[in-house]
Amino acid sequence: MIYFDNSATTKCSKKVIDIMNYAMEYNWGNPSSVHTMGKKSKEALDIAREKIAFTLGKNVSPKSIVFTSGGSESNNFAIFGSALHNKNKTRIITSKIEHPCVIAPCNRLKNILNYDSIFLETDKYGLVDKEQLKESLNDNTLLVSIMHVNNEIGTIQDIKEIGQIIKNYNENILFHVDATQGYGKIPFDVDDYNIDLLTISGHKINGPKGVGFLYIKNTKTIDSMIIGGSQQNAMRAGTENVYNIIGLGESCKENYDTLEKRINQMRSVQDYFSSLLISLDDVVIHGPKDAKHRAPHIISAGFKNINNFELMDELSKNDIMVSAGSACSCLKERNDASTTLRAIKTSDEFLHSTIRFSFDHNNTIEEAKYVFDKLKQIINELKCK
């Protein structure tokens, strides 16, 4: 089996599995308990926070890490929590190519509470319109939420420049970054990028599912969304998911310690596979062409007038796992088109014909060659139907 769907989820690393298994057997106390077992679990959470904080920047406090159930909760927390705390401001700025768990909260605030939600346009490569951002900032602006890497076409946004634009206008405007697809693939520092809120999900970085975190630079700028307990300094009530948090901390450390090696491996597979794809007729690769704005682990390729679900099905029959885009959007009807592809004005002949290939550091050039050969064969067969 060849797995080229790592943007949907990744396999847990062996070290993460081992450390979680150990925790389940020997570190199962409630971290809120005052006895020895509780203190042991509390210490494990503190260690995980320290590991994670170190990967975000040299001045990041472990106390700024709030553990959640994953990316969707963290993004909802960032948006709704900011709105709940700052009721006197009602403008939220985001982009048209954000993940659904950012788009949906912004729309809910707009439709139910009459928030002034602005959705920025992008160019054909998926880069947000920074001039429109400048024009959209005003004294009523509460939050700007822009993803680091687009989960479908791999566009790396100019987060550092965007952060500077926001803070130059008003340093009190909160800047939230969904780094679910960027963390562990592109190095960054939250302070250098003027980031106030940052979302991470464990299962995108060879960690467990059902766990993530929201980095909160200043907890006085956001209200908690899950209340009724004093856990995590009252920022998220409920007994912490100790085993998964321990695994998350280890996966963050593993990614950070081997980041350059991982990036180089993913980029080599991406470059090789891209060179094979563009040798085919009627193929377009969506997103930026330059490495500065192209994440090393994603290729979004359109195959003219080839139904992407048929293509995925045939690849799956050959034990090749890919997707049509965001896993959170793939449960919709098959004739739905990607909002990201629509935003970058993809032509109709490629709108329902796009496949996302996404890699991690375990994928190889040999796998890419095998997938290409099968892909070419399947495309020829589908064209003959």
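A few points on the structure. (Residues numbered from 1 in each chain as written. Predicted model: local features only at pLDDT ≥ 70, side-chain atom pairs only at ≥ 80, totals over all residues. Heavy atoms only, no water.)

### A word on the pattern of salt bridges
- Within the structure shown, the criterion is met by 17 salt bridges.
- Residue Lys 42 pairs with Asp 46 through a salt bridge whose shortest N-O separation is 3.2 Å. With Lys 42 and Asp 46 both in helix α2 (residues 36-56) and four residues apart, the pair spans about one turn of that helix.
- On the accessibility criterion, Asp 46 (29% relative accessible area) is partly exposed.
- In this structure, the salt-bridge partner of Lys 167 is Asp 196, at a minimum N-O distance of 2.7 Å. Of the two residues, Lys 167 sits in helix α6 (residues 159-169) while Asp 196 sits in the loop between β6 (174-178) and β7 (197-201), which places them 29 residues apart along the sequence. For the pair shown, Lys 167 and Asp 196 are each scored as buried.
- A single network of salt bridges, built from pairs that share partners, joins Lys 15, Lys 51 and Glu 250. (Salt bridge = Lys/Arg side-chain N within 4 Å of Asp/Glu carboxyl O. Helix = DSSP H or I, 4+ residues; strand = E, 2+ residues; numbered from the N terminus. Buried < 20%, exposed > 50% of the residue type's maximum accessible area, 1.4 Å probe, protein only.)

### Digging into the sheet that holds β6
- Spatially, the seven strands line up as an open sheet ordered β2-β8-β7-β6-β5-β3-β4, and their pairing is mixed. The open sheet is flanked by β2 (65-68) and β4 (116-120), the only strands paired with a single partner. Across the sheet, the axes of successive neighbouring strands diverge by a mean angle of 20 degrees, strand direction being ignored.
- For β6 and β7, the ladder comprises three bridges, and the chain directions are parallel. What sits directly across from Val 177, in β7, is Leu 198.
- Of the strands in this sheet, β2, β3 (91-95), β5 (141-145), β6, β7 and β8 (212-216) touch helix α3 (residues 71-85), which is tilted by about 160 degrees from β7. (Pairing = 2+ DSSP bridges. Axes fitted to C-alpha atoms, helices over the stretch in contact; angles between N-to-C directions. Contact = heavy atoms within 4.5 Å.)

### Structural notes on the nonpolar core
- Residues Leu 56, Val 144, Phe 175, Leu 198 and Phe 213 are the most contacted members of the largest nonpolar core, which totals 42 residues.
- No other element matches α2, which puts six residues into this core.
- Not counting chain neighbours up to four residues away, the residues in contact with Phe 175 comprise Val 144, Ile 146, Ile 159, Ile 162, Gly 163, Ile 166, Lys 167, Tyr 193, Asn 194, Ile 195, Asp 196 and Leu 197.
- The next biggest cluster of nonpolar side chains, apart from the first, holds 30 residues, and it includes Leu 276, Phe 303, Leu 311 and Phe 372. (Core = buried A, V, L, I, M, F, W, Y, C linked by side-chain atoms within 4.5 Å.)

### Some words on helix α10 (residues 308-317)
- Within α10, the full set of buried residues consists of Asn 308, Phe 309, Leu 311, Met 312 and Leu 315. Each buried residue of α10 sits inside an arc of 160 degrees when the element is viewed along its axis, so together they form one side.
- The inward-facing, buried residues of α10 contact β10 (298-303), β11 (320-321), β12 (354-358) and α13 (365-383).
- The N-cap residue of α10 is Asn 307: its side-chain oxygen and the backbone nitrogen of Phe 309 are 2.9 Å apart. (Arc of directions from axis to C-beta. Polar contact = N/O pair within 3.5 Å; in protein donor to acceptor, adjacent residues only side chain to side chain.)

### Description of a nonpolar patch on the surface
- A surface patch of nonpolar side chains, amounting to about 230 Å² of accessible area, comprises Leu 84, Met 225 and Ile 226.
- The topology assignment puts Ile 226 in the loop between β8 and α7 (231-234). (Patch = residues over 30% accessible without salt bridge, like charges linked within 9 Å, V, L, I, M, F, W, Y side chains within 5 Å. Areas by Shrake-Rupley, 256 points an atom, 1.4 Å probe, with all protein chains shown as cover.)

### Quick notes on the pairing of β2
- The side-chain alternation of β2 yields two buried faces, one formed by Ile 65 and Phe 67 and the other by Val 66 and Thr 68.
- As paired elements, β2 and β8 share four bridges and run antiparallel to each other. Bridge pairing in β8 links Val 66 to Leu 214.

### Re the packing of aromatic side chains
- Taken as a whole, this structure holds nine aromatic pairs when the rule is applied.
- Between Tyr 183 and Phe 188, the ring centres sit 6.5 Å apart and the planes meet at 70 degrees, which makes this aromatic pair edge-to-face. Like Tyr 183, the residue Phe 188 is buried in the burial classification.
- The interplanar angle of 90 degrees and the centroid separation of 6.3 Å between the aromatic rings of Phe 273 and Phe 359 together place this pair among those described as edge-to-face. Here the residue Phe 273 occupies a position in helix α9 (residues 259-277), and Phe 359 occupies one in the loop between β12 and α13, the gap between them amounting to 86 residues. By the burial criterion, Phe 273 is buried, and Phe 359 matches it.
- These aromatic residues form a ring-pair network of at least three members: Phe 4, Phe 273, Phe 357 and Phe 359. (Phe/Tyr/Trp six-rings, centres within 6.5 Å; stacked < 30°, edge-to-face > 60°.)

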